[in-house]
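Below, each chain spelled out in residue letters.
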Amino acid sequence: MPGTAVVQSGNYLLEIDAGFQIDAFVLNDPTSGVLNNTTYVLDGTTSFADVTAGTLHIDVVRGRKDTGDQFAAGTMNFTLNDTLADGVFNPFDTSSPYYDANQDVPGLAPMRQVRLRRYNSLGVAEYLFKGYVVNYNYSFQLGGLDTVSVNCAEEFYILAQTAMNAYNPNPQLSGGRISSVLDLPEVDYPTGVGARNIATGTVNLGHDSSYNVDAGTNTLAYITQINETAEFGRVFMSRAGVFTFQNRIGNTLSGSVADFHDNATGVKYDQVGISFQADNVTNRVVVTGLNGTSSTASDTASIATYFIQNNSITNSLLHDATEISTAASYLLNPDPEARYTDVSTTFAMLTTAQRDTVATIDIGDTITIEKSFPSGGGTSSLAQELSVEGIEHHIDFATGHRVHYWTAPTTIVFELILNDATYGTLDALNVLG
């Protein structure tokens, strides 16, 4: 089972870092002790064990269900059939190809890297999840199937295990502050485009003594505070395991990556959620910075209709009075709005091209959901363009692949088109790009 699976259209590849190098130089070994440029090298190459053939099903959950929720570490849980695999996942099996004989330890151990990829119709591998194994739960049954349940988490899990030393921040935009925190020696987060995708940010964060960070502050909690009390954008791990920070959620340049329709003209779906509730209303907001600067925004008409629906932030990292006032107004949502909250489809319903598209949709992308409704003697339809906030993949190697997207409202703007009767006027809905 170790190695790379045969690559075919639509195949999946689930791999776990076995914890040792397959071509590492070993001193005094008659074969691997010969240092050359083609076979054995000093640092070796990480050996990833292909466990796809022994996998029964995989569940991936990433992102959030609503913009009012916080982003937490995404998870992947999968079940391995150890009976089918002849016991090679057993941590006590020293003859397992995944056992590290040099160190006399199981290769498939907690905190090893894990990655799930799907090969599209062109044979290109696209990540669906990248993270770390948190734990293995073994279930051994006399005369029955031996299974292993594997629980995994994104890099956020590791950030949540780190703490900051006492930190006196400099004047910075929110993106710069996040980068500085990740660069701290006690955090030591990887750098480069393959590890980080951090936007500049749109707000200035406080930096006087009121904003000093105490020693022992949880790293992920502080980064979350930057976003949830000041920027109000998105902080998440991409499907390829890249730490991603996006600016304050605002207007979205039109360009849906997938159109989900129930009339056979787009991507078919079999489940859609519709919400129209008072919980979506926020008509009074109080934002207070750590320096005591505070601002209140309210909508009297909404309060008269829906009573007071309050949101209070008492630990904002904003310090400028104008930006605090702007934040309070930004968080107002005075009127409930009926919208599509989520959509789900199964790959068995889709064309090959559609499967390739929906598999790679990520958090922050825009999708369209359209549904038909009975209206009088006929039907009418309603389409909404929505941002993707959460993603779930449910892959069963016996029944197929289902994907579920959680969405949020977004204000769509369109790119200016010269001389066009509709899009040729530069205004709030037509922008330069």
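Details of the structure are given in the entry above.
Just so we're clear, the structure is a prediction, and the values are computed from it rather than from any experiment. (Residues numbered from 1 in each chain as written. Predicted model: local features only at pLDDT ≥ 70, side-chain atom pairs only at ≥ 80, totals over all residues. Heavy atoms only, no water.)

**Q** What is the right way to read the sheet that holds strand E12 (residues 196-198) from this model?
**A** Across a sheet, strands are paired by hydrogen bonds formed along the backbone, either parallel or antiparallel in direction. Spatial ordering of the open sheet is given by E12-E16-E15, a layout of three strands whose pairing is mixed. Looking at which strands have only one partner, the edges of the open sheet turn out to be E12 and strand E15 (234-237). Taken over all neighbouring pairs, the strand axes of this sheet differ in orientation by 10 degrees on average, direction set aside. Where E12 and strand E16 (residues 243-246) come together, three bridges link them in parallel fashion. Within E16, the residue paired with Ile198 across the bridge is Phe245. Docked against the sheet, helix H2 (residues 174-183) engages E12 and E16, running at close to 150 degrees with respect to E12. Contacting E15 and E16, helix H3 (residues 219-231) crosses the sheet at an angle of about 15 degrees to E16. (Pairing = 2+ DSSP bridges. Helix = DSSP H or I, 4+ residues; strand = E, 2+ residues; numbered from the N terminus. Axes fitted to C-alpha atoms, helices over the stretch in contact; angles between N-to-C directions. Contact = heavy atoms within 4.5 Å.)

**Q** Help me out: how do you make sense of H3 in this one?
**A** Helical geometry note: an α-helix holds 3.6 residues per turn, so side chains three or four residues apart project in the same direction. Its 13 residues place the ends of H3 17 Å apart at the C-alpha level, agreeing with the 18 Å of an ideal helix rising 1.5 Å per residue. Among the 13 residues in H3, 11 count as buried, and that is most of the element. Considered for burial, the residues of H3 that qualify are Thr219, Leu220, Tyr222, Ile223, Thr224, Gln225, Ile226, Asn227, Thr229, Ala230 and Glu231. Between the side-chain oxygen of the N-cap and the backbone nitrogen of Leu220 there are 3.0 Å, and the N-cap of H3 in question is Asn218. Positive phi appears at Phe232, one or two residues downstream of H3, with a value of about 60 degrees. (Expected span 1.5 Å × (residues − 1). Buried < 20%, exposed > 50% of the residue type's maximum accessible area, 1.4 Å probe, protein only. Polar contact = N/O pair within 3.5 Å; in protein donor to acceptor, adjacent residues only side chain to side chain.)

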